[in-house]
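One letter stands for each residue in the lines below.
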Amino acid sequence: MEEAGRGMGGAERETEVAVVGGGQAALAVAYYLRRTGLRHVLLDAQDRSGGAWAGGWDSLRLFSPARFSSLPGWMMAGGEDEYPSRADVLEYLARYEERYEIPVRRPVTVHAVRRDRGGFALDTSEGEWRARAVVSATGSWRRPFVPDVPGRDLFRGMQIHSADYRSAAPFAGKRVLVVGGGNSGAQVLAELSRACEATWVTLHPPRFLPDDVDGRVLFDQATALYRARAAGRDAAPPASLGDIVMVAPVRAARDRGALASVRPFERFTADGVVWPDGREERVDGVIWCTGFRAALEHLRPLGVIGENGRVAVRGTRAADEPRLWLVGYGDWTGFASATLIGVGRSARATVDEIKAALAE
Ligand code: FAD
């Protein structure tokens, strides 16, 4: 699909709004842009739809039922208590693009966004694009985070990040450490503990949500907080999505007594790790479920990336570049904005601002 909105007009690769990325956040922005008539294009480095969902492990399940995992305009199919699989989400996102004729060009990597003659020039793998406004929706999947543990380069065993984990098969019968106390760590440990000797390593004792609390409850709580704050009232912050949702495989692991965790080891040796009590242990592999950082390198030329690796924003609008917006990066760009159901709200607010800004 070529560029959308008012005719192609102007030179080749010239548009009004360029969206960098083609995952759920970019699609939610495109859904609202489509209604404005503004010419827009999504430039996505991936050669297939789905964004981060194209990665992830085979047994990955959403932590919310389908009805609470939908983008604006179109409900994901699935029952009230059905937790969609990764394959269901990929199918839904691919069909969402078709349904709303979203103008995605892929694979197109945006290497750099530069200010240029009252707008932006985007240096991309298919040449230069020009735009009056840019939305960065590049997620974090391409920037897995691994802590710098002493001796990590010495260790001769397998090391992968959860972004590259697909199944327990390669680890069968081995001794593996799963490092990280969030949803990824819990789900990978739950699967791995059936196939090998898996030890869960977490900075602090993991926080499990009650069995009847899943993503929809967290979203409702976050919505109540959002509304209270919007009305100037204070309200208790909800449990965080960083707490572990007890999806079925994690509950089964708990019932098997497999959810115990230990505090971190001190350093690596060539064949294993050294624990705080000095004990050395041989291990065959480590799976880092230690999260991600926002993929923002393409914005470096604009001088807007702060020490913390983020961009100062008001809502989703860059505080130091009024024609740049950031969508889908998690709470710092709008609560629950890194979830399918949460990103719609910030996408709509973003497009309202873009429309007003380009009308000036
Ligand atoms: P992505 O999906 O990462 O898409 C970004 C796109 O931008 C990618 O296609 C990438 O190739 C592209 N890109 C990056 N850099 C460039 C560039 N320079 N040029 C061009 N393109 C670029 N969310 C839920 O709602 N429910 C869940 O149950 C849930 N469970 C999760 C479980 C796990 C284990 C993980 C890791 C995440 C989970 N999430 C869940 C969160 C969700 O998967 C992500 O937050 C979501 O994929 C982010 O969407 P996005 O569009 O912001 O980014």
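What you see is a predicted model; the values in this text were computed from it and never measured.

I keep staring at the pattern of salt bridges and nothing clicks. Help me out?
Opposite charge on two side chains allows them to pair when their charged atoms are near. In total, this model carries 25 salt bridges according to the counting rule given. Put simply, Arg 114 and Asp 123 hold a salt bridge, and the shortest N to O gap is 2.8 Å. On the basis of relative accessible area, Arg 114 is assigned to the partly exposed category, the value being 29%. The salt bridge involving Glu 321 is made with Arg 115; its shortest N-O contact spans 2.7 Å. Here the residue Glu 321 occupies a position in the loop between strand S17 (317-318) and strand S18 (324-326), and Arg 115 occupies one in strand S4 (residues 110-116), the gap between them amounting to 206 residues. The buried category is assigned to Glu 321, whose relative accessible area is 3%.

In this structure, what is going on with the side chain of Thr 124? I would like to understand it.
One can find Thr 124 in strand S5 (residues 119-124). Here Thr 124 falls in the buried class, since its relative accessible area comes to 9%. Side-chain polar atoms of Thr 124 contact the backbone nitrogen of Glu 126, separated by 3.0 Å. Looking at Thr 124, its side chain comes within polar contact range of the main-chain oxygen of Gly 127, at 2.6 Å.

Please clarify how the site of the ligand should be interpreted in this entry.
Taken together, 31 residues form the shell around the ligand, and within it Asp 44, Ala 52, Phe 63, Ala 338 and Leu 340 come nearest. Interatomic distance of 3.1 Å between a backbone N/O atom of Gln 24 and an oxygen atom of the ligand. Interatomic distance of 3.4 Å between a side-chain N/O atom of Arg 142 and a nitrogen atom of the ligand. Surface burial for the ligand is 91%, taken as the share of its 990 Å² of free accessible area covered by protein chains. Classifying every residue of the shell around the ligand gives 17 nonpolar, twelve polar and two charged.

Which parts of the structure should I look at to understand the pairing of strand S6 (residues 127-131)?
If a strand is regular, its side chains alternate between the two faces of the sheet. Summarising the sheet, S5 and S6 pair through five bridges and their orientation is antiparallel. Considered in S6, the bridge of Thr 124 is made with Gly 127. Taken together, S5 and the strand that follows it, S6, pair antiparallel across an intervening segment of two residues.

What is the right way to read the packing of aromatic side chains from this model?
Evaluated as defined, the whole model comprises 15 aromatic pairs. Look at Trp 57 and Tyr 165: their rings are 6.0 Å apart centre to centre, the planes differ by 65°, and that puts the pair in the edge-to-face class. Here Trp 57, found in the loop between strand S2 (40-43) and helix H2 (86-99), pairs with Tyr 165, found in the loop between strand S8 (158-161) and strand S9 (175-179); they are 108 residues apart in sequence, far enough to count as distant. Each member of the pair Trp 57 and Tyr 165 is classed as buried. Measuring from centroid to centroid gives 6.2 Å for Phe 268 and Trp 288, while their planes differ by 65°, and the two rings are edge-to-face. Placement of Phe 268 in strand S12 (residues 267-268) and of Trp 288 in strand S15 (residues 285-288) is noted, with a sequence separation of 20 residues between them. Both residues of the pair, Phe 268 and Trp 288, count as buried. Of the aromatic side chains, those joined through ring pairs into one cluster are Tyr 31, Tyr 32, Trp 74, Tyr 92, Tyr 96 and Tyr 100. Above the face of the Phe 145 ring, Arg 293 is positioned so that its terminal group lies 3.9 Å from the ring centre.

Thresholds, definitions, all that
Residues numbered from 1 in each chain as written. Predicted model: local features only at pLDDT ≥ 70, side-chain atom pairs only at ≥ 80, totals over all residues. Heavy atoms only, no water. Salt bridge = Lys/Arg side-chain N within 4 Å of Asp/Glu carboxyl O. Buried < 20%, exposed > 50% of the residue type's maximum accessible area, 1.4 Å probe, protein only. Helix = DSSP H or I, 4+ residues; strand = E, 2+ residues; numbered from the N terminus. Polar contact = N/O pair within 3.5 Å; in protein donor to acceptor, adjacent residues only side chain to side chain. Near = heavy atom within 4 Å. Areas by Shrake-Rupley, 256 points an atom, 1.4 Å probe, with all protein chains shown as cover. Nonpolar A, V, L, I, M, F, W, Y, C, P; charged D, E, K, R; others polar. Pairing = 2+ DSSP bridges. Phe/Tyr/Trp six-rings, centres within 6.5 Å; stacked < 30°, edge-to-face > 60°. Lys NZ or Arg CZ within 6 Å of the ring centre and 35° of its normal.

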